[in-house]
Amino acid sequence: MTSLFFLVFLFSSLLTPNVDASPIYIEALSKSLLFFHGQRSGPLPTDQQFSWRASSGLSDGSSANVDLVGGYYTEGDNVKHNFPMAFTTTMLSWSTLEYGEQMGLELQNARVNIRSLYVGVGDPNADHKCWERPEDMDTPRTVYSVSPSNPGSDVAAETAAALAAASMVFREVDSQYSLLLLATAKNVMQFAIQYRGSYSDSISSVCPFYCSYSGYKDELMWGAAWLLKATDDSNYKNFIQSLGGGDQTDIFNWDNKYAGAYVLLSQLALVNSDNTFDQYKLEAESFICKILPNTPSSSTSYTPGGLMYNYNLPQSNLQHVTAITFLLTTYAKYMKATQHTFNCGNSVNIVPDNLISLSKQQVDYILGENQAKMSYMVGFGSSFPMRIHHRGSSIPSQPHFNCADGLQFLYSPNPNPNILTGAIVGGPDKNDESPDKRDDYIHSEPTTYINAPFVGLLAYFASGGSA
């Protein structure tokens, strides 16, 4: 069976700012990257910052006679979910490609840490019945894969996107490794194209946790867009055009990539002046018009305090906020580079600062400028979540607590004994309220795919917001 869960995961360490940088965003950027230390699986490296974490998952893959030790836990549980983690990788790589120069000398750390490859491991059903530290887990470490007879075009194409994006990060500093990543991306993408199907249909256990509700056409477009960017191979351009367009959306997350593909492809239309990609520029602007408030086509809800809020997908609402806001800032960058403006079907001209202003409002809200005066990043500001839905953070490091014994800490009203600095939780409800309860995972659980887009945003604003 051909396993297609290979991922590359990028994270950076501290920013070295310029003299005009904002200290608030510098601190937030540093902490948003530190969060990933708490998600590490496998033998911990020497730069590990959280002393309450230890090596874990040291036999991952043994049930399938492969070495799958290492990688990162996706959220507050002990499972390595490959689909959202591939999205995490792609977004962190995109952050580095767009804003790497604004990360300062620590860009080298980002390149070094892209080198972690792994596949998805862990039985989510068994894991969710327990509450134990990853160092102590005794639940099945089931390995899942897709194959020609059990396809997964969505996960394969997202993985191809992650590999292709990472290959560009390494192109100038390690050409051999970059070529390896790119060759793998091409092979995985070919699998996604040749064997069509959703991984949710092939691996039933991923539902309801990480079902692919949007189908796989968006991932095919997204993966091909990244390979086109990495290779300039017209075959990917032809494939993208064969998929058609017109898929209107007002969402961007680990499951729905249309908006991300539109913005990525719009760079070719705007910056490269290739009018064959004008369709995707128009699609990107249609998406943005649905996000901006007070436009004729606006379909995005906001809380009374001004935070984007998705009523249809309220779980971990901040995942949508950080991902969408990243697209707004990046499109504004392309607009500034070409002095481009557009309108949303009315007489109001949309300029880059309109997008940047909304992006900054969302970033500042997450960092504590909201009605509750609550930062939704752990360890940032004077008030932040203390009872996050995270096993390693909520259970004392000693002694050992097994599956059932650990449940006492899930329902405990006490603050977490271990502070997972930099973790961004799911966020407040539609009324800007957040109860800070550990068992309220919808609002209190951190995930890698909430933090990943935020890295690029914080690098942008930490540098003074220059395009």
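From a predicted model like this one, the values you see are computed outputs, not experimental measurements. (Residues numbered from 1 in each chain as written. Predicted model: local features only at pLDDT ≥ 70, side-chain atom pairs only at ≥ 80, totals over all residues. Heavy atoms only, no water.)

Caption draft 1: Layout of the pattern of salt bridges. On inspection of all chains with the given rule, the structure shows 16 salt bridges. Ionic pairing is found between Asp47 and Arg40, a salt bridge with its closest N-O pair at 3.1 Å. We classify Arg40 as buried; its relative accessible area is 4%. Measuring nitrogen to oxygen at the nearest pair gives 2.8 Å for the salt bridge that ties Lys360 to Asp364. Highlighted residues: Lys360 and Asp364, both in helix α13 (residues 352–366), separated by 4 residues, approximately one helical turn. Overall, Asp364 belongs to the buried group, its relative accessible area being 9%. When salt bridges that share partners are traced, they join Arg53, Arg133, Glu135 and Asp136 into one network. (Salt bridge = Lys/Arg side-chain N within 4 Å of Asp/Glu carboxyl O. Buried < 20%, exposed > 50% of the residue type's maximum accessible area, 1.4 Å probe, protein only. Helix = DSSP H or I, 4+ residues; strand = E, 2+ residues; numbered from the N terminus.)

Caption draft 2: Representation of helix α12 (residues 317–338) within the structure. Across its 22 residues, α12 extends 33 Å between first and last C-alpha, which sits within 8% of the 32 Å expected from 1.5 Å per residue. Most of α12 sits inside the fold, with 18 of its 22 residues counted as buried. Following α12 by one or two positions, Gln339 adopts a phi angle in the positive range, close to 55 degrees. (Expected span 1.5 Å × (residues − 1).)

Caption draft 3: Representation of the nonpolar core in the model. Trp94, Met189 and Tyr331 are the most contacted members of the largest nonpolar core, which has 120 residues in total. In contact with Met189, not counting residues within four places along its chain, are Ala157, Ala160, Leu220, Gly223, Ala224, Leu227, Tyr236 and Phe239. By size, the runner-up hydrophobic cluster in this structure holds 5 residues, among which are Trp131, Ile395, Phe401 and Leu410. (Core = buried A, V, L, I, M, F, W, Y, C linked by side-chain atoms within 4.5 Å. Contact = heavy atoms within 4.5 Å.)

Caption draft 4: The arrangement of the state of the cysteines in detail. By the definition in use, this model includes 2 disulfides. Two residues, Cys289 and Cys344, share a disulfide whose sulfurs are 2.1 Å apart. On the sign convention where negative means left-handed, the S-S torsion of about -85 degrees between Cys289 and Cys344 marks this disulfide as left-handed. Remark: Cys344 occurs in the loop between β5 (342–343) and β6 (349–350) and Cys289 occurs in helix α11 (residues 278–291); sequence separation between them is 55 residues. Looking at Cys344, the relative accessible area reads 7%, which means it is buried. (Disulfide = S-S within 2.5 Å.)

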